[in-house]
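# Tertiary structure, described
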Amino acid sequence: MSLKYLPVDVEKEIYEVEISFKDLSITRKEIEHDIGYSGISAPEHFSGIIDAVLSRAADKCGIRAGYRIIDIQKKEDANHGLLLDGVFFSPDKIIYPQIKKAERAAMFAVTIGREMELWSGELFRRGEILMGYMADAAASSIVENITDLLHDHIRSRMLESEMKITNRYSPGYCNWNVSEQHLLFSLLPKNFCGISLTESSLMLPVKSVSGIIGIGKNVRYSKYNCNRCAVKDCTYRTRRRPGEKAVVLK
Amino acid sequence: MNDASEKIGVCIERGKVNKSSPYPGDMAGQDGADELTVSALEWGVTPDKILSACNIGMQRIGEKFGRNEVFVPELLMSAKAMNAVMTHLKPFFQSGNVKAKGKFVIGTVAGDLHDIGKNLVAMVVEGNGWEVIDLGVDVKPSKFISAVKENSGCIVGLSALLTTTMVNMAKTVSEIKAVYPGTKIIVGGAPLTYDKAVKMGADGYSPDPQGTVEFLNKNLL
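Now for a look at the structure at hand. (Residues numbered from 1 in each chain as written. Chains lettered and ligands numbered in written order. Predicted model: local features only at pLDDT ≥ 70, side-chain atom pairs only at ≥ 80, totals over all residues. Heavy atoms only, no water.)

### Brief notes about the overall build of chain A
- The secondary structure content of chain A amounts to seven helices and ten strands.
- Per-residue burial for chain A yields a buried fraction of 53% across its 250 residues.
- Looking at chain A alone, contacts between residues at least 24 apart form 69% of all its contacts between residues at least 6 apart.
- Counting only carbon and sulfur atoms, one obtains 49% of the accessible surface of chain A, whose full area is about 11800 Å². (Helix = DSSP H or I, 4+ residues; strand = E, 2+ residues; numbered from the N terminus. Buried < 20%, exposed > 50% of the residue type's maximum accessible area, 1.4 Å probe, protein only. Contact = heavy atoms within 4.5 Å. Areas by Shrake-Rupley, 256 points an atom, 1.4 Å probe, with all protein chains shown as cover.)

Written as structure tokens, this is what we have:
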């Protein structure tokens, strides 16, 4: 799918991408999978509630997505570090080997805005806890689905200049300290895509994703090496698509 | 009489809230926790007995959750059924005829706004007969300390989703312990492990609501 993108700052190669809800491929089955029903059917009642949530989600998602392409100035094997526009990142030993062959990086951010989050909270307060939970789960699946689209968009753009891309990695995952979220956003315009950070590195709106994608002639996209990570209940462990298995490192 | 309370326990375990609830499909049209509690009280079943049956139902669903046989939605339906029972039992708690097992103060630590995991634990703990004092999200150590002061003998539960807020969790544990060294504290949340919990000085760690209930029941005063 070809997405329209608009420059925010041409010199700094900062872009926003236009994504609408109808561009998404989010399905009830995907949400069921994300909340645990992987390879088994969710009870019919729950499926009905997910359908009801999805039927209202389009009106409640204020989708924004964007990225900045930056040259990697320096790599430090010893520190598993990357220098980008004067900012030093330490994405640790799980991510660094995937990025170290990259010549450039895309720092990205995606959000669906606050409405889904507020709606979910309101449902919980009204005692409609199941629907509140499903709204929250759907919001998480939706924002990941948008990030998938952005990832594909960046892949397509880079292919035009015969560059490949890596997986995406986010602060707080794969042992990358979430406090580096502040460093990541320091490379983006203030309030980029309407996202701000709390002192504890939480993105607001909460249903947002940020991260880095490596770009280069010699990088590759690989399956997530979940077995190298100690976080057993990570989103990306549970989000593996049916049939997709985590790579077991020998 | 036993049959009535057992049926309520089954409704809790299966998440059957009331007669009009379509869930679970195989119990559609049957009385739920709501109607059965009203009937049981009319027949003279004691609130204690009803509560005990509920606890068994909650324990069963909690164990299934721990074994990945059911997921959060099933647990939520059980909590909702439990809530329907509690609506009818509340007057007995208020009059002192029924006593909660103890008090559990819970909150998401300062800097963290995530509350679904915390809410789930609160609902399951309440369903197991504990009085829950939910302080909400982004709770500063001083607020936990005030709550411990106001709820003598309570056990404290701290939740965090972010690795950065684990620092605040450790600070909260340390500040509570400095003022109330005897207060038991259990911690939970995605970035935590047993080792991290021990390191920060907590008395317990649980990755799921049922583990929290087991910790609380072991630490009954």
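Following the structure, the description resumes.
### Quick look at the state of the cysteines
Residues and elements named next belong to chain A.
- Scanning the entire structure with this criterion turns up zero disulfides over all chains.
- Looking at the unpaired Cys-61, the closest cysteine sulfur is the one in Cys-193, lying at 15 Å.
- Among the residues examined, Cys-61 registers a relative accessible area of 14% and is labelled buried. (Disulfide = S-S within 2.5 Å.)

### Let's talk about the pattern of salt bridges
All names here are of chain A.
- Under the criterion given, the structure shown has 22 salt bridges over all chains.
- Lys-74 serves as the salt-bridge partner of Glu-76, at 3.6 Å between the closest nitrogen and oxygen.
- Taking relative accessible area as the criterion, Glu-76 reaches 25% and is therefore assigned partly exposed.
- A salt bridge links Arg-126 to Glu-128; the nearest nitrogen and oxygen atoms lie 3.0 Å apart.
- The class for Glu-128 is partly exposed, based on a relative accessible area of 29%. (Salt bridge = Lys/Arg side-chain N within 4 Å of Asp/Glu carboxyl O.)

### Structural notes on the sheet that holds strand β3 (residues 155-159) of chain B
Residues and elements named next belong to chain B.
- Pairing is parallel in the open sheet, where five strands are placed in the order β2-β1-β3-β4-β5. If you trace the sheet from one side to the other, it starts and ends with β2 (131-134) and β5 (204-205), each paired once.
- Bridge analysis of strand β4 (residues 185-188) against β5 gives two bridges, and the strand direction is parallel. Paired with Ile-186 across the bridge in β5 is Gly-204.
- With respect to the sheet, helix α5 (residues 116-127) is in contact with β1 (103-108), β2 and β3, its orientation differing from that of β1 by roughly 170 degrees.
- Its contacts with the sheet put helix α9 (residues 209-218) on β1, β3, β4 and β5, and the angle it makes with β4 is roughly 175 degrees. (Pairing = 2+ DSSP bridges. Axes fitted to C-alpha atoms, helices over the stretch in contact; angles between N-to-C directions.)

### Comments concerning the environment of Glu128(A)
- Of note, Glu128(A) is situated in the loop between α4 (115-125) and α5 (129-160).
- Along the sequence, Glu128(A) and Asp92(A) sit 36 residues apart, while their C-alpha atoms lie 41 Å from each other.

### With respect to the interface of chain A and chain B
- With 25 residues of chain A at the interface, the matching set in chain B holds 21 residues.
- Each partner contributes to the roughly 1900 Å² buried at the junction of chain A and chain B, and carbon and sulfur atoms together form 77% of this total.
- The interface formed by chain A and chain B contains zero salt bridges.
- Our enumeration of links across chain A and chain B arrives at two residue pairs in polar contact (both at pLDDT 80 or more).
- Those elements that place two or more of their residues in the side of chain A that touches chain B are α2 (44-60) and α5 of chain A.
- Broken down by element, the side of chain A that touches chain B gets its largest block of residues, five residues, from α5(A).
- Classifying every residue of the side of chain A that touches chain B by side-chain character gives 15 nonpolar, eight polar and two charged. (Buried area = accessible area lost by both parts, 1.4 Å probe. Polar contact = N/O pair within 3.5 Å; in protein donor to acceptor, adjacent residues only side chain to side chain. Nonpolar A, V, L, I, M, F, W, Y, C, P; charged D, E, K, R; others polar.)

### Observations regarding the pairing of strand β3 (residues 64-76) of chain A
Residue and element names in this part refer to chain A.
- Sheet analysis places strand β2 (residues 14-17) next to β3, joined by four bridges and oriented antiparallel. Residue pairing across strands places Val-17 opposite Ala-65, the latter belonging to β3.
- Where β3 and strand β6 (residues 104-111) come together, eight bridges link them in antiparallel fashion. Residue pairing in the sheet places Tyr-67 in a bridge with Phe-108 of β6.
- The pairing of β3 with strand β4 (residues 81-84) spans four bridges and is classified as antiparallel. Residue pairing across strands places Lys-74 opposite Leu-83, the latter belonging to β4.
- Between β3 and β4, which pair antiparallel in sequence order, lie four residues; one of them, His-80, sits at a positive phi of approximately 50 degrees.

Scope: geometric values only; no functional claims are made or implied.
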